[in-house]
Amino acid sequence: MDEKLRILKMVEEGTITAQQGAELMSAMQAAVPAKPETGKGGYDKKMFRVLVDSVSGDKVKIQFPVGAIRRILKATGKLPIPDKDLQGVDLSEMMDAVSECLDAEVEGDFVHVEAADGTTVRIFVDQ
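First, a word on what this report is: a plain description of the structure on this page. (Residues numbered from 1 in each chain as written. Predicted model: local features only at pLDDT ≥ 70, side-chain atom pairs only at ≥ 80, totals over all residues. Heavy atoms only, no water.)

Remarks on helix H4 (residues 91-103)
Next, step 1: Its 13 residues give H4 an end-to-end C-alpha distance of 18 Å, which sits within 8% of 18 Å, the value for a rise of 1.5 Å per residue.
Next, step 2: Of the positions making up H4, those classed as buried are Met94, Met95, Val98, Cys101 and Leu102. Seen from one end, H4 has its buried residues packed into an arc of 130°, which puts them on one side. Summarising the geometry of H4, the exposed residues directed more than 90 degrees from the buried face are Glu93, Glu100 and Asp103.
Next, step 3: Elements in contact with the buried residues of H4: strand E1 (47-53), helix H3 (66-76), strand E3 (108-114) and strand E4 (120-126).
Next, step 4: Following H4 by one or two positions, glutamate 105 adopts a phi angle in the positive range, close to 55°. (Helix = DSSP H or I, 4+ residues; strand = E, 2+ residues; numbered from the N terminus. Expected span 1.5 Å × (residues − 1). Buried < 20%, exposed > 50% of the residue type's maximum accessible area, 1.4 Å probe, protein only. Arc of directions from axis to C-beta. Contact = heavy atoms within 4.5 Å.)

Some remarks on helix H1 (residues 2-13)
Next, step 1: With 12 residues, H1 should reach 16 Å at 1.5 Å per residue; the first-to-last C-alpha distance of 17 Å fits that figure.
Next, step 2: Taken as a whole, H1 has its buried residues at Glu3, Ile7 and Met10. Viewed end-on, H1 has its buried residues packed into an arc of 60°, placing them on one side of the element. In H1, the exposed positions angled more than 90 degrees off the buried face are occupied by Leu5, Glu12 and Glu13.
Next, step 3: Glycine 14 sits one or two residues past H1 and shows a positive phi near 85°.

Points about the packing of aromatic side chains
Next, step 1: Under the counting rule described, the total for this entry stands at one aromatic pair.
Next, step 2: Taking the centre distance of 6.3 Å and the plane angle of 50° together, the rings of phenylalanine 48 and phenylalanine 110 count as tilted. Separated by 62 residues along the polypeptide, phenylalanine 48 in strand E1 and phenylalanine 110 in strand E3 bring together distant segments of the chain.
Next, step 3: Looking at phenylalanine 110, the relative accessible area reads 15%, which means it is buried.
Next, step 4: Above the plane of the ring of phenylalanine 124 lies arginine 122, whose end atom (NZ or CZ) is 3.8 Å from the centre. (Phe/Tyr/Trp six-rings, centres within 6.5 Å; stacked < 30°, edge-to-face > 60°. Lys NZ or Arg CZ within 6 Å of the ring centre and 35° of its normal.)

Focus on unusual backbone geometry
Across residues other than glycine, the phi torsion is negative in most instances, and most of the peptide bonds are trans.
Next, step 1: Positive phi, normally seen in glycine, also occurs at glutamate 105, with a value near 55°.
Next, step 2: Looking at the secondary structure, you find glutamate 105 in the loop between H4 and E3.

Section: the packing of H3 against H4
Next, step 1: Interhelical geometry of H3 versus H4 gives an angle of 135° and a closest axis separation of 11 Å. Between H3 and H4, the interaxial angle falls into the category oblique. Considering only the axes of H3 and H4, their crossing is left-handed. Between H3, through Val66, Ile69, Arg70 and Leu73, and H4, the contact on the second element is made entirely by Met95, Val98, Ser99 and Leu102.
Next, step 2: Along the lines of polarity and charge, the residues of the contact of H3 with H4 split into six nonpolar, one polar and one charged. (Axes fitted to C-alpha atoms, helices over the stretch in contact; angles between N-to-C directions. Parallel < 35°, antiparallel > 145°, perpendicular 65-115°, else oblique. Left-handed = near helix turned anticlockwise from the far one by under 90°. Nonpolar A, V, L, I, M, F, W, Y, C, P; charged D, E, K, R; others polar.)

Describing a negative patch on the surface
Next, step 1: Together, Asp90, Glu93, Asp96, Glu100 and Asp103 make up a region of like negative charge exposed at the surface.
Next, step 2: By secondary structure assignment, the location of glutamate 93 is in helix H4.
Next, step 3: What makes glutamate 93 exposed here is its relative accessible area of 55%. (Patch = residues over 30% accessible without salt bridge, like charges linked within 9 Å, V, L, I, M, F, W, Y side chains within 5 Å. Areas by Shrake-Rupley, 256 points an atom, 1.4 Å probe, with all protein chains shown as cover. Salt bridge = Lys/Arg side-chain N within 4 Å of Asp/Glu carboxyl O. Lys, Arg positive; Asp, Glu negative; His and termini not counted. Charge placed at Lys NZ, Arg CZ, Asp CG, Glu CD.)

Listed below in structure tokens is the structure:
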């Protein structure tokens, strides 16, 4: 339920559009259950975080449990990040890298982009 509230808050703040919020909600409801936990801490319960600092001054901070992000990526093929904040970033390459890192259960930073226009994107998994 916490993820739904986060999505609604992002829509309310204008971080994502109502359409993007609806897609995320639909993806979460339609997704199959997360794969069983592995390791002692349960990777799917760790937090997946995205920090975007755009040249236009927008600051986006998104966090979901890894299991929810896996379901969102499987259903939509993309992360819940506004496209306008990722101009100049190769989204296809970034989604491939994110998927591979989640499959390998990587922790810590695994994507750090500093675009030519000054936008930065940091994607990582931590406790």
